[in-house]
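# Report on the structure
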Amino acid sequence: MVFWFLFGYRSALGVLLGTTGAIINVLSLWRDVEKCVARKKKMSVIGYLSRYTFSGAIMALAAILSVQAVFGAFFGLLNEKLAAFLSWR
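So, a few notes on the structure that sits alongside this text. For clarity, every value in this text was computed on a predicted model and none was experimentally measured.

### Some remarks on the pattern of salt bridges
This structure, assessed with the given rule, holds two salt bridges. Close ionic contact of Arg31 with Asp32 constitutes a salt bridge, the shortest N to O distance being 3.8 Å. The buried category is assigned to Asp32, whose relative accessible area is 8%. Between Arg51 and Asp32 there is a salt bridge, with its nearest N and O atoms 2.6 Å apart. Here the residue Arg51 occupies a position in helix H3 (residues 45-65), and Asp32 occupies one in helix H2 (residues 9-39), the gap between them amounting to 19 residues. A cluster of three or more residues bridged by salt bridges with shared partners is formed by Arg31, Asp32 and Arg51.

Below, the structure is given as structure tokens:
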């Protein structure tokens, strides 16, 4: 809502798109970690590449909408990384 009032609906749509992508990325990472723990093997490169390709696709979709949506999507995707960084303490 803050992005909607400050920067317009396109940036708010970008934040929504980025946050949805971040949630999907976290769920995918969780599934990969569960598989690795169950099999007692290392993380797969394919899972890593698919998550970051998905993030790139979200940024590309936001770029089609507008520049404001790109910044919003970046902020939405960055929420995942920021939360992971702050939660370990």
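So much for the structure itself; the text now carries on.
### A closer look at the environment of Leu49
Tracing the sequence through the fold places Leu49 in helix H3. Leu49 sits in the partly exposed class, given a relative accessible area of 48%.

### What to know about the packing of H3 against helix H4 (residues 67-87)
Here H3 crosses H4 at 155°, and the two axes come no closer than 7 Å. Here H3 is positioned roughly antiparallel relative to H4, judged by the angle of their axes. Considering only the axes of H3 and H4, their crossing is right-handed. Between H3, through Tyr52, Ser55, Ile58, Met59, Ala62, Ala63 and Leu65, and H4, the contact on the second element is made entirely by Ala69, Val70, Ala73, Phe74, Leu77 and Lys81.

Rules used throughout
- Residues numbered from 1 in each chain as written.
- Predicted model: local features only at pLDDT ≥ 70, side-chain atom pairs only at ≥ 80, totals over all residues.
- Heavy atoms only, no water.
- Salt bridge = Lys/Arg side-chain N within 4 Å of Asp/Glu carboxyl O.
- Buried < 20%, exposed > 50% of the residue type's maximum accessible area, 1.4 Å probe, protein only.
- Helix = DSSP H or I, 4+ residues; strand = E, 2+ residues; numbered from the N terminus.
- Axes fitted to C-alpha atoms, helices over the stretch in contact; angles between N-to-C directions.
- Parallel < 35°, antiparallel > 145°, perpendicular 65-115°, else oblique.
- Left-handed = near helix turned anticlockwise from the far one by under 90°.
- Contact = heavy atoms within 4.5 Å.

Honestly, it's all geometry; don't read function into it.
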